[in-house]
Amino acid sequence: MARAQFQKGQKVWVECVGAWAQIEKVQPVWAKGFEEPVRVTYDVGLGREFLAHELLMPVEDAAADDGQHWRLMRARNKWQNAEDCPHHPFPGTYPVVVTDKADWGGWRVPGAEYDRDPEQIEFQARLIAAAPKLMALAAQLLASVDEAPDDAPPEMRALARDARATLKTITDVLSAPTIETAAPTSFQAA
């Protein structure tokens, strides 16, 4: 017997397509003589029906970091001396975003990529280092609008809606559905 593991309107990741979709229809397949469906498929609007094992659901990331210790550091460029790259913003070094309390772990860029466009890489490094603060700012905006949505101006409500969508893409992690997380669905024989 099959049980529905997703419900209508739920956002899912379609693994074989590599895209997010929303469950449009839960379609139980009935067989004569059985009280429950023998199979359940899901229509997500992509042209065919999918089985539960082809879909993943977003979950909260328990390992998410608060990002308070993210910082931008400079590392010595082992491949080029400062005299060889005077066009770099900081000749002889490259940016490293450290995301661990110790001075290791995080984001680095290959020397050849840095040399191709150092200004862009410097900008990316600053953006990544500031990401936890920007995320906290978005969460504060969302919380202040959620506290009194009727008192917030329309622009703030729109910003909060965008902040919620953006934060969701950051905090949602994919996992296969389990029996405990399966959506309880009751089916009626047609």
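Residues numbered from 1 in each chain as written. Predicted model: local features only at pLDDT ≥ 70, side-chain atom pairs only at ≥ 80, totals over all residues. Heavy atoms only, no water.

1. What to know about the packing of aromatic side chains
One pair of aromatic rings is described through two measures. These are the centre distance and the angle between the planes. Applying the stated criterion to the full structure yields 2 aromatic pairs. Taking the centre distance of 5.4 Å and the plane angle of 85 degrees together, the rings of F6 and Y42 count as edge-to-face. In this pair, F6 is assigned in the segment before β1 (11–14) and Y42 in strand β4 (residues 39–43), connecting sequence segments 36 residues apart. Taking 5.4 Å as the distance between ring centres and 75 degrees as the angle between the ring planes, the aromatic pair formed by W13 and W20 counts as edge-to-face. Between K11 and the ring centre of W20, over which it is positioned, the NZ or CZ distance is 4.4 Å. (Phe/Tyr/Trp six-rings, centres within 6.5 Å; stacked < 30°, edge-to-face > 60°. Helix = DSSP H or I, 4+ residues; strand = E, 2+ residues; numbered from the N terminus. Lys NZ or Arg CZ within 6 Å of the ring centre and 35° of its normal.)

2. Things to note about the pattern of salt bridges
Two side chains that carry opposite charge are able to pair once their charged atoms sit near each other. Within the structure shown, the criterion is met by 3 salt bridges. The salt bridge partner of R74 is E122, with a shortest N-O separation of 2.7 Å. Highlighted residues: R74 in strand β7 (residues 71–76) and E122 in helix α2 (residues 118–147), separated in sequence by 48 residues. What makes R74 partly exposed here is its relative accessible area of 31%. Take E122: its relative accessible area is 3%, and that puts it in the buried class. (Salt bridge = Lys/Arg side-chain N within 4 Å of Asp/Glu carboxyl O. Buried < 20%, exposed > 50% of the residue type's maximum accessible area, 1.4 Å probe, protein only.)

3. As for a nonpolar patch on the surface
There is a patch of nonpolar side chains on the surface, built from F123, L127, L134 and L137 and spanning about 390 Å² of accessible area. On the secondary structure map, L127 appears in helix α2. Given a relative accessible area of 42%, L127 falls into the partly exposed group. (Patch = residues over 30% accessible without salt bridge, like charges linked within 9 Å, V, L, I, M, F, W, Y side chains within 5 Å. Areas by Shrake-Rupley, 256 points an atom, 1.4 Å probe, with all protein chains shown as cover.)

4. Quick word on the sheet that holds β7
Ordered by their spatial adjacency, 3 strands build an open sheet running β7-β8-β9, and the pairing between neighbours is antiparallel. Where the open sheet ends on each side, the last strands, each with one partner, are β7 and β9 (106–107). Looking at chain direction, β7 and strand β8 (residues 93–98) are connected through 6 bridges and run antiparallel. Its bridge partner lying in β8, A75 is registered against Y94. Where α2 meets the sheet, it contacts β7, β8 and β9, and its direction lies at approximately 20 degrees from that of β8. (Pairing = 2+ DSSP bridges. Contact = heavy atoms within 4.5 Å. Axes fitted to C-alpha atoms, helices over the stretch in contact; angles between N-to-C directions.)

5. Side note on the side chain of D43
Position of D43 relative to the elements: it lies in strand β4. At 4.6 Å, K25 is the nearest oppositely charged side chain to D43, a buried residue that forms no salt bridge. Looking at D43, its side chain comes within polar contact range of the main-chain nitrogen of G45, at 2.9 Å. Look past the residues within four positions of D43 in its chain and what remains in contact with it is Q22, I23, E24, K25 and Q27. (Lys, Arg positive; Asp, Glu negative; His and termini not counted. Polar contact = N/O pair within 3.5 Å; in protein donor to acceptor, adjacent residues only side chain to side chain.)

6. A word on helix α3 (residues 154–171)
Its 18 residues give α3 an end-to-end C-alpha distance of 25 Å, which sits within 8% of 26 Å, the value for a rise of 1.5 Å per residue. When we look at burial in α3, the residues that qualify are A160, A163 and L167. Looking straight down α3, one finds that the buried residues subtend no more than 65 degrees of arc, so they occupy a single side. Along α3, exposed side chains directed more than 90 degrees from the buried face belong to P154, E155, R161 and T169. Buried residues along α3 sit against α2. (Expected span 1.5 Å × (residues − 1). Arc of directions from axis to C-beta.)

7. What to know about the nonpolar core
F6, V12, V14, I23, Y42, V44 and L55 are the most contacted members of the largest nonpolar core, which has 13 residues in total. When residues of this core are traced back to their parent elements, those giving at least two are β1, β4 and β6 (55–60). If sequence neighbours within four positions are ignored, V44 has contacts with V12, V14, A21, Q22, I23, E24 and F50. Core analysis: the second largest hydrophobic core is formed by 7 residues, Y94, V96, V98 and V109 among them. (Core = buried A, V, L, I, M, F, W, Y, C linked by side-chain atoms within 4.5 Å.)

8. Quick word on the sheet that holds strand β3 (residues 25–29)
Read from one edge to the other, the open sheet built from 3 strands follows the order β3-β4-β5, with strand pairing classed as antiparallel. This sheet does not close on itself; its edge strands, each paired only once, are β3 and β5 (49–50). The pairing of β3 with β4 spans 5 bridges and is antiparallel. Bridge pairing in β4 links Q27 to T41.

Nothing here speaks to function; it is all geometry.
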